[in-house]
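A closer look at the structure
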Amino acid sequence: MTVRSVVLNDQPRWTRRKEERGPEILDAALACFSEKGFAATRMEDIARRAGISKGTIYLYFESKEAVFKALARAHVAGRVDEIRGHIEAFEGSTSDLLQLVLYQVGSLITGSNIVVLPRMVLAEAGNFPELAEHWRREVVDKGVALWESIIRRGQTRGEFRAVDPSHAARLCIAPLILAALWRSFFSRFDATPYDYEGLIAAHIDVLLRGLAAEQTL
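All values derive from a computational prediction rather than experimental measurement.

Description of the overall build of the chain
Scanning the chain for helices and strands turns up ten helices and zero strands. Ordered by position in the sequence, the α and β elements of the chain form the string α-α-α-α-α-α-α-α-α-α. For the chain, with 217 residues in total, the buried portion stands at 41%. Residue pairs at least 24 apart in sequence account for 69% of intrachain contacts in the chain once pairs closer than 6 positions are excluded. Just so you have it, the chain exposes about 12300 Å², and 55% of that area is on carbon and sulfur atoms.

Encoded structure:
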């Protein structure tokens, strides 16, 4: 087998199509942020993990902050947009819709490495307030608006009682934030793995009972 045939059959990462490199860089960044945190991660660390040169990474992202913002947009804000589309197309009861969304978000938080991002924001907010501001604007605010829309849908249809949608929206997500924090900081000390699915199921039961219109109690 010639060197030429080896190169053609097993192309190195840097010869792939340009559009493939962006997601590879973000995957590499997420891994680096998970291992080292935001402050300790350098652009060359991300480039090395992605299998590209330091100069190449700057063709896609002008700074480490830009990488973080792209991660937040791709992994979280993008999911919020997807869920919003599901809400608009959903034809069933609001209780079923709320359960569906809670399980979707819960699975994302407890079963993927996306939990790295909110953990990093909390850890680095003091030194990098622009990260916290971006997370607040692009993730938190949009997420709260999404939950508020579900609460208002239930109220309009007479399924949920009259509670402040802004407060109720935060109550929807609060236990999932707890799960993310637990998984990030305390899970390694658990004698047995924590039952996140059980937490989500209990949360749904209590939440729906609290939101139900009086005539359905």
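The structure having been displayed, the exposition proceeds.
Points about the packing of helix α8 (residues 129-156) against helix α9 (residues 165-186)
The geometry of α8 relative to α9 is characterised by a closest axis approach of 8 Å and an angle of 115° between their N-to-C directions. Crossing handedness for the pair α8 and α9: right-handed. When α8 is examined against α9, the residues V144, W147, E148, I151, R152 and Q155 are found in contact with a partner set consisting of P165, S166, A168, A169, R170, C172 and I173. For the contact of α8 with α9, the per-class residue count stands at eight nonpolar, two polar and three charged.

A look at α8
In this model α8 runs 38 Å from its N-terminal to its C-terminal C-alpha over 28 residues, within 8% of the 40 Å that 1.5 Å per residue would give. Within α8, the axis deviates most sharply at R136, by approximately 40°. One or two positions beyond α8, positive phi appears at G158, with a value near 75°.

Re the confidence of the model for the chain
Caution is warranted with low-pLDDT regions, since their predicted coordinates should not be read in detail. Per-residue confidence for the chain gives a mean pLDDT of 86, with 90% of residues at or over 70. Taken element by element, the chain is modelled with least confidence in helix α1 (residues 3-9), mean pLDDT 38, and with most confidence in helix α10 (residues 196-211), mean pLDDT 95. Contacts from residues 1-16, a stretch scored under 50 in pLDDT, to residues over four places away or in other chains number eleven contacts.

Here's the deal with the packing of aromatic side chains
The final tally for this structure, using the stated rule, is eight aromatic pairs. Measuring from ring centre to ring centre gives 6.2 Å for F68 and W135, while their planes differ by 40°; the resulting arrangement is tilted. Remark: W135 occurs in helix α8 and F68 occurs in helix α5 (residues 64-89); sequence separation between them is 67 residues. Side by side, F68 and W135 carry an identical accessibility label, which is buried. Against the face of F38 rests K64, its NZ or CZ located 4.5 Å from the ring centre.

Overview of the environment of E91
Inspection of the secondary structure assignment puts E91 in the loop between α5 and α6 (94-111). Judged by its relative accessible area of 74%, E91 is exposed. When sequence neighbours within four positions are dropped, the list of residues in contact with E91 reads R153 and R157.

Examining the nonpolar core
If you look at the biggest cluster of nonpolar residues, it comprises 32 residues, and the most contacted ones within it are F33, I46, V67, F68, L117 and W135. Sorting the residues of this core by element identifies α2 (18-36), α3 (43-50), α5, α7 (116-124) and α8 as the ones contributing at least two each. In this view, W135 contacts F68, A72, V76, L117, P118, V121 and V140; residues no more than four positions away in its chain are not counted. By size, the runner-up hydrophobic cluster in this structure holds 27 residues, among which are V80, L98, V105 and I200.

Things to note about a nonpolar patch on the surface
Together, L122, L178, W182, F185, F186, F189 and Y194 line one region of the surface with nonpolar side chains, adding up to about 720 Å² of accessible area. For the nonpolar patch, the element with the most residues is α9, which contributes four residues. With respect to the helices and strands, L122 occurs in helix α7.

Criteria and cut-off values
Residues numbered from 1 in each chain as written. Predicted model: local features only at pLDDT ≥ 70, side-chain atom pairs only at ≥ 80, totals over all residues. Heavy atoms only, no water. Helix = DSSP H or I, 4+ residues; strand = E, 2+ residues; numbered from the N terminus. Buried < 20%, exposed > 50% of the residue type's maximum accessible area, 1.4 Å probe, protein only. Contact = heavy atoms within 4.5 Å. Areas by Shrake-Rupley, 256 points an atom, 1.4 Å probe, with all protein chains shown as cover. Axes fitted to C-alpha atoms, helices over the stretch in contact; angles between N-to-C directions. Left-handed = near helix turned anticlockwise from the far one by under 90°. Nonpolar A, V, L, I, M, F, W, Y, C, P; charged D, E, K, R; others polar. Expected span 1.5 Å × (residues − 1). Bend = angle between axes of the 7 residues up to and from the residue. pLDDT = per-residue confidence, 0-100. Phe/Tyr/Trp six-rings, centres within 6.5 Å; stacked < 30°, edge-to-face > 60°. Lys NZ or Arg CZ within 6 Å of the ring centre and 35° of its normal. Core = buried A, V, L, I, M, F, W, Y, C linked by side-chain atoms within 4.5 Å. Patch = residues over 30% accessible without salt bridge, like charges linked within 9 Å, V, L, I, M, F, W, Y side chains within 5 Å. Salt bridge = Lys/Arg side-chain N within 4 Å of Asp/Glu carboxyl O.

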